[in-house]
Amino acid sequence: MAEYILSPAAEKTCRNCPLRDNPHVRNQVTTEVHPGPGGINGGIDLMFIAEAPGKVENKVGRPVIGGTGKILRRLVHRLNEGKETGIAYGNIVRCRPANETDPHKDRPPTNPELIACRSNIMRDIARLKPKQIVLLGKSAATGLALDAATGERVDPSKSIYAL
Ligand code: SF4
């Protein structure tokens, strides 16, 4: 569980919305994968999708490592100790939505930002083929349900849980 893979630099150049141009955005935080025995192409068991990078994630460039993320990772690690479980952590929005009036604070992503970034997480889902997806919070749930053009959902045969 200690080893992980981040997306290649070429996948960190998205300009689909203005968030990337915010001077407080340091990293485009892509999905982090802890592959199972089949490697990254063998599909993974469990994928967690959170809202967006916060201050810590933006600085370090890894998803779901802030306060709550740290607790979640510890719990997941403990529950899967000794098992060969492939796990991924990602965000529904990859660039930190900093509060415009106080950049030290975060704000939830807007619907246009959720829609703009949706193709990134959908690409990860298609590539990683997770057996189960856990959506962490309202933005993640809204972001995956939202497709302004088609109203399309993630593969409805997949097990999706929202926390
Ligand atoms: S938030 Fe998403 S859509 Fe917007 S620039 Fe960043 S990666 Fe691209």
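Scroll up for the structure.
Just so you know, these numbers come straight off a predicted model, no measurement behind them.

Novice: So what's going on with the site of the ligand? Which residues, and what values?
Specialist: As a matter of local geometry, the ligand sits amid 14 residues, with Cys 14, Asn 16, Cys 17, Cys 95 and Cys 117 nearest to it. Of the residues belonging to the shell around the ligand, the class tally is seven nonpolar, three polar and four charged.

Novice: With reference to specific residues and values, describe the nonpolar core.
Specialist: Counting 27 residues, the largest nonpolar core has Ile 44, Met 47, Phe 48, Ile 49, Ala 88, Ile 92 and Ala 140 as the members making the most contacts within it. Elements supplying a minimum of two residues to this core: strand E3 (46-50), strand E4 (87-91), helix H3 (111-128), strand E5 (132-135) and helix H4 (138-145).

Novice: I'd love a proper account of H4, names of residues and values included.
Specialist: What H4 keeps buried is the set Ser 139, Ala 140, Gly 143 and Leu 144. Seen end-on, H4 carries its buried residues on one side only, within an arc spanning 125°. Of the surrounding elements, those touching the buried residues of H4 are E3, H3 and E5.

Novice: Outline the environment of Pro 103, listing residues and values.
Specialist: Mapped onto the fold, Pro 103 is located in the loop between E4 and H3. Counting along the chain gives 79 residues from Pro 103 to His 24, while the straight-line C-alpha distance between them is 7.1 Å. Those residues in contact with Pro 103, other than ones at most four positions away along the chain, are His 24 and Ala 98.

Novice: Describe unusual backbone geometry, with residues and values.
Specialist: The residue Val 64 is not glycine, and still its phi comes out positive at about 55°. Structurally, Val 64 can be placed in the loop between helix H1 (55-60) and helix H2 (67-79). Judged by C-beta crowding, with 26 C-beta atoms within 10 Å, Val 64 ranks as buried. With a phi angle near 45°, Lys 129 is a residue other than glycine that sits in the positive phi range.

Reading the values: rules and limits
Residues numbered from 1 in each chain as written. Predicted model: local features only at pLDDT ≥ 70, side-chain atom pairs only at ≥ 80, totals over all residues. Near = placed C-beta within 6 Å. Nonpolar A, V, L, I, M, F, W, Y, C, P; charged D, E, K, R; others polar. Core = buried A, V, L, I, M, F, W, Y, C linked by C-beta atoms within 7 Å. Buried ≥ 20, exposed ≤ 12 C-beta atoms within 10 Å, placed from the backbone. Helix = DSSP H or I, 4+ residues; strand = E, 2+ residues; numbered from the N terminus. Arc of directions from axis to C-beta. Contact = placed C-beta atoms within 7 Å.

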